[in-house]
Amino acid sequence: MFAGLRTRLLAAFVLIALVSAATATMLAYRDARTAVLQRAQSTATADFRSRVSEVAAEFDVPPDASSLNVFADRVAQGLRGGTKVVAVYGELTGTSDARTDPSRIPTELRTAVHEGTGLKLQRTRWQDEPYLVVGTPVTFTEDGQSSGLEAFAITSLRAERDDTAALLRNVSRGLWPALLVAVALALLAARTVLRPVRVLSSATRELATGRLSSRAVVQGRDELAELARTFNATASALQASDRELRDQEARARRFVADVSHELRTPLAAMTMVTTVLDEEAAAGQLPPDAATAARTVSAETARLTRLVDDLMEISRFDAKAARLNAVETDVAATVRASLELRGWTSLVHTELPSEVRAVIDRRRIDVVVANLVGNAVRHGAPPVELVLTSDGDGVALSVRDHGPGLAPDVLPHVFDRFYKADSARTRSEGSGLGMAIALENARLHGGTIEVSNAPDGGAVFTLRLPRAGAAG
C-alpha cells in the first residue's frame, strides 16, 4: 500500500501534522472551555452571593409562600438575564418565575446546601441544555447562624456552550492549512531525500548494464552522501577488478592463439613424417612394434592437430574476429555434401526437402553438421535421423539418435568447453570443443542450438537459423 518512499514520507508528515494539530486543538479547546466556564461560574457565584446578601438584609423570617416568591424575584432582578431563583424554607418553596420547576435543582446540591455552610454549585443538564445551579443558605444574624432559608440560582450556560463550540469550529478550520503546510513540507523533504536516491538509483542501473565508469554525485555530509561515497568506492573497485579480469582474459586468449599458431608449423612437419610412416607400415616395411608405434604417433598427431585447429577457431570467436561469408544457399544440398564428405550417407536417415534456402556460410554450417551428426554416430545408437524443416522466418535442422540419451545433469553442460559427459572418454578423439564451436557458429548466423531427450529415448539436437541470416 505504501510502497514508495515518497508516499511513506508524505503519509508520515501528514499523520504527524494531523496528530499535532488535533492535540493542540483539543488542548486549546479544553483550556478555553475551562476558562469560559470558570469565568461564568465566578461571575454567577459572586453576583448571586452579593444579591442574596442585599435582599436578605431587608427580609423577615419566618416567611410565607408569597414572601418567598418576592424574595426570589428580587434576588433574580440583580442577576444575569434569564437566571431563575428558587427560595426554600422548610416545606415552602418560592420562585422568581412561575414556570420554574424546583426539581431542576439536583438532589445532591440540595443536600449539600442544607447540611453545609457556604455557597455550593453544580453544573447540570435540563432538557439537553447546560445549566449552572448555585445554592447557599441565607443568614440574617451577625453570628452567621442559618435562618433555615436556602436560595438557589439556575443560570443557563447556553452562551458559554455556543462560544466554546464556535471556538472549536474556528480552531478546527486551522487543521486544513496545517495539513496543506505539512503536505508541502513533506513534498519538499521527499524531494530533498529522494533526489540523491534517484541519482544513486540511476548510477546503479548504469552499473548493472555494464557502465562501470558510472558514479554518483556526492553532496553534503549526511548519510545519503556517505552512501553515495560507498557506492562510488564499490564501483571503482569493481571497475578495477573488471579491468584486471579483462586484461587477464585477453592475455590468456593471446597465449592460446600464439601457442596454437606456433604449434602449427611443427605439427605440419610431424604430419608429413607420420604420413610417410603410415605408408611404410601399411606396406610392411616396418617391424611390427615399429609399425604399431608409428600408427600411435600418427593418431596422436592427428588428434593434436585437431585440438590446435579447434583452439585457433575458438580463439577467433573469443576475439570477435570470426566473420561470416554468407550467401543464399540450398540448405539441403549443403547438408548432403557434408554427409557425403565424411562417408555418413549410409549411416544417417535423412529427410531433406529441396528448395529450403537460407543465407548461410556453407563452411560453418558444415562444421555444425559434422559435430552434431558425428556425436550422434559415435556416442548414440542407430538409427540416426536428420530432419530439415522450414517456416516463414527460419529453418530447423534436427539430429536424433536412438541411444540412452543424455543424463539430466549433463544437459546444461553439453556446450561447455572441454566438457565430456562420459569420464571414460577423456582420451577420445574429440577435443571437447566441438559442441562449443558448433554453438558459436550457430550464434554467428543469428541462430542457436537446442538439446533435449526424446520421449522414447535418444538425444535430440536442433539447429535453428533465420532465413535472412544474422541481423545487421
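See the structure shown above.
Owing to the predicted nature of the structure, the values given are computational and were not obtained by experimental measurement.

A few words on the overall build of the protein chain. Helix and strand counts for the protein chain come out as 10 helices and 12 strands. The C-alpha radius of gyration of the protein chain comes to 54 Å, more than 25% above the 23 Å expected for a compact globule of 472 residues. With the principal axes as the frame, the protein chain shows a C-alpha extent of 165 × 50 × 45 Å. A buried classification covers 34% of the 472 residues belonging to the protein chain. As presented, the protein chain carries roughly 27300 Å² of accessible surface, and 56% of it is formed by carbon and sulfur atoms.

On to the side chain of Thr83. Relative to the elements of secondary structure, Thr83 occurs in the loop between α2 (65-77) and β1 (84-89). Here Thr155 takes part through its side chain, which lies 3.3 Å from a polar atom of the side chain of Thr83. Leaving out residues up to four positions away in the same chain, Thr83 has contacts with Ala76, Ser96, Ala153, Ile154 and Thr155.

Attention shifts here to the nonpolar core. One broad rule of soluble globular proteins: the nonpolar side chains tend to lie buried together. Grouped together as the largest cluster of nonpolar side chains are 34 residues, with contacts concentrated most on Ile449 and Leu463. Breaking this core down by element, the ones donating at least two residues are α8 (331-341), β8 (357-360), α9 (362-379), β9 (384-390), β10 (394-400), α10 (434-444) and β12 (459-466). Residues in contact with Leu463, not counting those within four places in the same chain, are Ile365, Val368, Leu372, Val395, Ala396, Leu397, Ala442, Thr448 and Ile449. In this structure, Ala44, Ala56, Ala72 and Leu132 belong to the second largest nonpolar core, which totals 23 residues.

The next thing to look at is a nonpolar patch on the surface. On the surface, Phe13, Val181, Leu185 and Leu188 cluster together to form a nonpolar patch covering roughly 350 Å² of accessible area. It is helix α5 (residues 175-208) that contributes the most residues to the nonpolar patch, 3 residues altogether. Here Val181 shows up in helix α5. For Val181, a relative accessible area of 47% corresponds to the partly exposed category.

This part covers the packing of aromatic side chains. Within the structure shown, the criterion is met by 1 aromatic pair. Between Phe415 and Phe461 the ring centres are 6.4 Å apart and the planes differ by 85°, which places this aromatic pair in the edge-to-face class. One end of the pair, Phe415, is in the loop between β10 and α10; the other, Phe461, is in strand β12, and 46 residues separate them in sequence. Here Arg104 stacks its cationic end above the ring of Tyr131, 4.5 Å away from the centre of that ring.

Moving on to the sheet that holds β9. The strand order β7-β9-β10-β12-β11 describes an open sheet built from 5 strands, whose pairing is mixed. Each edge of the open sheet carries a strand with a single partner, namely β7 (348-351) and β11 (448-453). Shown here is a sheet whose adjacent strand axes are inclined to one another by a mean of 15°, direction ignored. Of the strand pairs in this sheet, β7 and β9 are connected by 4 bridges, and their pairing is parallel.

Let us look at the pattern of salt bridges. For the structure shown, the criterion picks out 14 salt bridges. Of the charged contacts in the structure, one is a salt bridge between Glu450 and Arg464, with a shortest N-O distance of 3.2 Å. Within this pair, whereas Glu450 is found in strand β11, its partner Arg464 is found in strand β12, the two being separated by 14 residues in sequence. The class of Glu450 is partly exposed, set by a relative accessible area of 39%. Overall, Arg464 belongs to the partly exposed group, its relative accessible area being 38%.

Let us look at the environment of Asn325. Mapping Asn325 onto the fold places it in the loop between α7 (288-318) and β6 (327-330). Residue class for Asn325 comes out exposed when judged on its relative accessible area of 60%. With residues near it in sequence (within four places) discarded, Asn325 still touches Ile360 and Asp361.

Parameters and conventions
- Residues numbered from 1 in each chain as written.
- Predicted model: local features only at pLDDT ≥ 70, side-chain atom pairs only at ≥ 80, totals over all residues.
- Heavy atoms only, no water.
- Helix = DSSP H or I, 4+ residues; strand = E, 2+ residues; numbered from the N terminus.
- Rg over C-alpha atoms; globule rule 2.2 N^0.38 Å.
- Buried < 20%, exposed > 50% of the residue type's maximum accessible area, 1.4 Å probe, protein only.
- Areas by Shrake-Rupley, 256 points an atom, 1.4 Å probe, with all protein chains shown as cover.
- Polar contact = N/O pair within 3.5 Å; in protein donor to acceptor, adjacent residues only side chain to side chain.
- Contact = heavy atoms within 4.5 Å.
- Core = buried A, V, L, I, M, F, W, Y, C linked by side-chain atoms within 4.5 Å.
- Patch = residues over 30% accessible without salt bridge, like charges linked within 9 Å, V, L, I, M, F, W, Y side chains within 5 Å.
- Salt bridge = Lys/Arg side-chain N within 4 Å of Asp/Glu carboxyl O.
- Phe/Tyr/Trp six-rings, centres within 6.5 Å; stacked < 30°, edge-to-face > 60°.
- Lys NZ or Arg CZ within 6 Å of the ring centre and 35° of its normal.
- Pairing = 2+ DSSP bridges.
- Axes fitted to C-alpha atoms, helices over the stretch in contact; angles between N-to-C directions.

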